[in-house]
Protein chains: 2
Amino acid sequence: MSKITNYSLINMLMGASTKQGNDIAIKSRKIVKSLIKDKTLHLTPEERSIVERIVHSTADPEYADLTKISNDFVKKSLKSLRKGKDILTDINMVKAGVNSYGGDVKCYINHEETLKIAKKDDITRAAAAIQFAAAAEFNGIVVIGNSPTALLEVLNLYKNNKMKIQSVIGVPVGFVGAKESKEALHKTAIPHLITQGPKGGTPVAVAAINSLINLI
Amino acid sequence: MSKITNYSLINMLMGASTKQGNDIAIKSRKIVKSLIKDKTLHLTPEERSIVERIVHSTADPEYADLTKISNDFVKKSLKSLRKGKDILTDINMVKAGVNSYGGDVKCYINHEETLKIAKKDDITRAAAAIQFAAAAEFNGIVVIGNSPTALLEVLNLYKNNKMKIQSVIGVPVGFVGAKESKEALHKTAIPHLITQGPKGGTPVAVAAINSLINLI
């Protein structure tokens, strides 16, 4: 694809395929921009377009405060996507939301081997699915929209050189472990995007990865 | 399935399939209960279990204030599910999140006829997908987790006796039309669950329908 010159415009249309769909997407993006403008001044244009899309997808301006993006996240993620490397998601809801990517989007939560690993090691299915992906030589962007235990498994495998990771969108949600798992990712050298605190979830994850795909 | 005696317990496990998964789900539900207890005292046990699951799924206690459930929603929805009637979702992310339902879960957003209808009438694909479902004699629970135009199309078809609807989970998200579409549903006689204001989305929709499925 040719060089992008207007990140916000490209990212504004968000999969709309009719004039009415486009009109709604553009109107929504303008409202989002006005709501969070002051909170996104420090971001690059690419980063700003990602945060705007997250706020658009959740209708929750608090995400402009909660979203933290490491300096190398956009660059490393776009490089991975341009090479057509895989995307790995923790649950099928995230996979179902990924639009128009030329490469593979993988999710092993319902794979029969995943359940075997989970039962054998008494871990969550989401964590077992990450183990399975690493064993299957995954290499690309990891997108965690739901499960803190999946994110912790990613960090553990990365630390032990057992998983090839280009970047991580780490936005698990919930009151048990989500905050801590994201803080742990934020302390690593892995290129990443997180949401601070318990909030996050599949729409945030999908907004972030689709923003990046629209930028390649 | 036998009669449910403890809605919270049944609804607490939320698809977890290992001991660790169960432990996290139960711990999370206890935290949610303590956060929103005072706001759910007026609800029936079934309604309370739905709202708790929405707050669990979003880690956002504000949904205890925003969620409004019509008196007949639980009864009519459970009747529809027990008869094995269809579930219709506006986007595939919602469909991907529905767990363990014996009946069909339908989504026509990517159907080739849907795009034809959308282009011909210059409406959104989400609205066209609802038209297609009605023409295909859908009868059951409609779950709108994303698109205000899809929800408005449901209301329009219902008003004109062109769509058979047992209940509607209407939680579209966004700054353009979402609030208004939910207010319009709230004024009808259709058994419904909504979230007031711009907030809502696929995790809210999925939490609500999975709560109901766990109660049948």
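These numbers come from a predicted model, not from an experiment.

**Side note on the relation of the copies chain A and chain B**
Note on the copies: chain A fits chain B at an RMSD of 0.0 Å, the axial shift is 0.0 Å, and the rotation between them is 180 degrees. The operation mapping one copy onto its partner corresponds to a two-fold rotation axis. Of every C-alpha in chain A, the one belonging to M93(A) sits nearest the axis of rotation, 2.4 Å from it. A share of 100% of the interface residues of chain A reappears at the interface of chain B, consistent with the copies meeting face to face through the same patch.

**Comments concerning the interface of chain A and chain B**
In this complex, chain A contributes 40 residues to the contact, which on the side of chain B involves 40 residues. Two residues, D60(A) and K199(B), come together in a salt bridge whose shortest N-O distance is 3.7 Å. Across the contact surface, chain A and chain B share 0 residue pairs in polar contact (both at pLDDT 80 or more). Listed by contribution, the elements that provide at least two residues to the side of chain A that touches chain B are α2 (19-36), α3 (45-58), α6 (92-97), α7 (112-121) and α11 (202-215) of chain A. Tallying contributions element by element places α2(A) first for the side of chain A that touches chain B, with 9 residues. When the residues that make up the side of chain A that touches chain B are grouped by side-chain class, the tally is 18 nonpolar, 15 polar and 7 charged.

**A closer look at the environment of K79(B)**
With respect to the element layout, K79(B) can be found in helix α5 (residues 73-82). Counting along the chain gives 87 residues from K79(B) to Q166(B), while the straight-line C-alpha distance between them is 8.6 Å.

**Here's the deal with the sheet that holds strand β3 (residues 105-106) of chain A**
Residue and element names in this part refer to chain A. If you walk across this open sheet you meet the 6 strands as β1-β6-β5-β4-β2-β3, and the pairing is mixed. Since the sheet does not close on itself, it has two edges, and those belong to β1 (67-69) and β3, each with one partner. Pairing of strand β5 (residues 164-170) with strand β6 (residues 192-195) involves 3 bridges; the strand directions are parallel. Bridging from a neighbouring strand, I169 pairs with L193 of β6. Where helix α5 (residues 73-82) meets the sheet, its contacts fall on β1, β2 (86-89), β4 (139-144), β5 and β6, and the angle it forms with β5 comes to roughly 120 degrees. The strands touched by helix α9 (residues 148-159) within the sheet are β4 and β5, with β5 carrying the most contacts at an inclination of about 155 degrees.

**Comments concerning the pattern of salt bridges**
All names here are of chain A. Taken as a whole, this structure holds 20 salt bridges over all chains when the rule is applied. Residues R29 and E52 are paired through a salt bridge, measuring 3.1 Å at the closest nitrogen-oxygen approach. Taken as a pair, R29 in helix α2 and E52 in helix α3 lie far apart in primary sequence, 23 residues in all. Side by side, R29 and E52 carry an identical accessibility label, which is buried.

**Thoughts on the confidence of the model for chain A**
For chain A, the mean per-residue pLDDT works out to 92, and 92% of the residues sit at or above 70. For this predicted complex, the interface confidence score (ipTM) comes to 0.90, while the overall pTM stands at 0.92.

**Some words on the pairing of β5(A)**
Residue and element names in this part refer to chain A. Counting buried positions along β5 gives 5 out of 7 residues, so the element sits mostly inside the fold. One ladder, built from 6 bridges, connects β4 with β5; its direction is parallel. Pairing of I144 across the sheet is with G170, part of β5. One crossover worth recording links β4 to the parallel β5 by way of α9, and it is right-handed.

**Things to note about helix α10 (residues 178-186) of chain A**
Taken together, the buried positions of α10(A) are occupied by A178(A), S181(A), K182(A) and L185(A). Taken around the axis of α10(A), the buried residues stretch over an arc of 95 degrees, which confines them to a single face.

**Regarding the state of the cysteines**
In this structure the tally under the stated criterion is 0 disulfides over all chains. Of the cysteine sulfurs around C107(A), a residue in no disulfide, the closest is that of C107(B), at 18 Å. By relative accessible area, which is 14% here, C107(A) ends up buried.

Analysis parameters
- Residues numbered from 1 in each chain as written.
- Chains lettered and ligands numbered in written order.
- Predicted model: local features only at pLDDT ≥ 70, side-chain atom pairs only at ≥ 80, totals over all residues.
- Heavy atoms only, no water.
- Least-squares fit on C-alpha atoms with pLDDT ≥ 70 in both.
- Contact = heavy atoms within 4.5 Å.
- Salt bridge = Lys/Arg side-chain N within 4 Å of Asp/Glu carboxyl O.
- Polar contact = N/O pair within 3.5 Å; in protein donor to acceptor, adjacent residues only side chain to side chain.
- Helix = DSSP H or I, 4+ residues; strand = E, 2+ residues; numbered from the N terminus.
- Nonpolar A, V, L, I, M, F, W, Y, C, P; charged D, E, K, R; others polar.
- Pairing = 2+ DSSP bridges.
- Axes fitted to C-alpha atoms, helices over the stretch in contact; angles between N-to-C directions.
- Buried < 20%, exposed > 50% of the residue type's maximum accessible area, 1.4 Å probe, protein only.
- pLDDT = per-residue confidence, 0-100.
- Right-handed = clockwise from strand over helix to strand, strands pointing away.
- Arc of directions from axis to C-beta.
- Disulfide = S-S within 2.5 Å.

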